[in-house]
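One-letter residues, chain by chain:
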Amino acid sequence: MDLEEQANIARLVESGQKDRMVAMLGMPNPASTRMVAMTLQEGDPSYAGPLAGIPLGLPVYHILEDQVRQIIDPAVYENEVGPMEFVLDGAAISKALDAGR
Amino acid sequence: MIDLKGKLVLCLGERDGIAAPALQACVESAGAEVIYTETQCFV
C-alpha cells in the first residue's frame, strides 16, 4: 500500500464512523493480502507511511473468501470476479487472512 | 457469515488481482456503501 493511499485512508478514518468501516481487498496473492491487512489493522509494518504505529483495527476481508462470496449477488460476482476466481489462489489468500485474525 | 449491510467499505483492488470497481459492484450488491476505491498498479 503506497504512502498516498495510507494518507487517504487515515483521513477517512479520522473523519469518523470508523465502527462502520470495513476494507474489501482484491490483492492477487497471500503475501500482498497479508501486508495490506496488517497495515489496516496494526499499522504500516514497514514504518514508512502515515499509518506507521497507527493500529486502525479495521475488519479486513478479501473478495475471494467464501464468507464474502456467500453474501454477494451471484450474478454480480460472476460478472465482476468471474474467471479470476479460478486464476487466483483464494484458499491461500483466505488462510493468510485467517492467520492474522 | 459476515453482513455488509450499512457498512462503509473501502475497496482496495489491484490490477493483477481484482480491480476496485469490481469490488465496489460486489459489495454494493450486498447492501454496503462504498466510501473509497483504489486500484494499485505496480507495472
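Placed above this text is the structure.
Predicted model, so just to flag it, every value in this text is computed and none were measured.

1. Quick notes on unusual backbone geometry
All names here are of chain A. For Gln17, which is not glycine, the phi dihedral falls at a positive 65°. Along the chain, Gln17 falls in the loop between helix H1 (3-14) and strand E1 (21-26). We classify Gln17 as exposed; it has 11 C-beta atoms within 10 Å. The phi torsion at Tyr47 lies on the positive side, around 55°, for a residue other than glycine. With respect to the helices and strands, Tyr47 occurs in the loop between helix H2 (30-42) and strand E2 (60-62). A tally of 9 C-beta atoms within 10 Å means that Tyr47 is categorised as exposed.

2. With respect to the environment of A:Glu85
Residue and element names in this part refer to chain A. Within the secondary structure, Glu85 is located in helix H5 (residues 84-87). Of the residues examined, Glu85 has 14 C-beta atoms within 10 Å and is grouped as partly exposed. When the C-alpha positions of Glu85 and Gln67 are compared, they lie 14 Å apart, and in sequence the two are 18 residues distant. Apart from the residues within four sequence positions on either side, Glu85 is in contact with Leu64 and Gly90.

Calculation rules
Residues numbered from 1 in each chain as written. Chains lettered and ligands numbered in written order. Predicted model: local features only at pLDDT ≥ 70, side-chain atom pairs only at ≥ 80, totals over all residues. Helix = DSSP H or I, 4+ residues; strand = E, 2+ residues; numbered from the N terminus. Buried ≥ 20, exposed ≤ 12 C-beta atoms within 10 Å, placed from the backbone. Contact = placed C-beta atoms within 7 Å.

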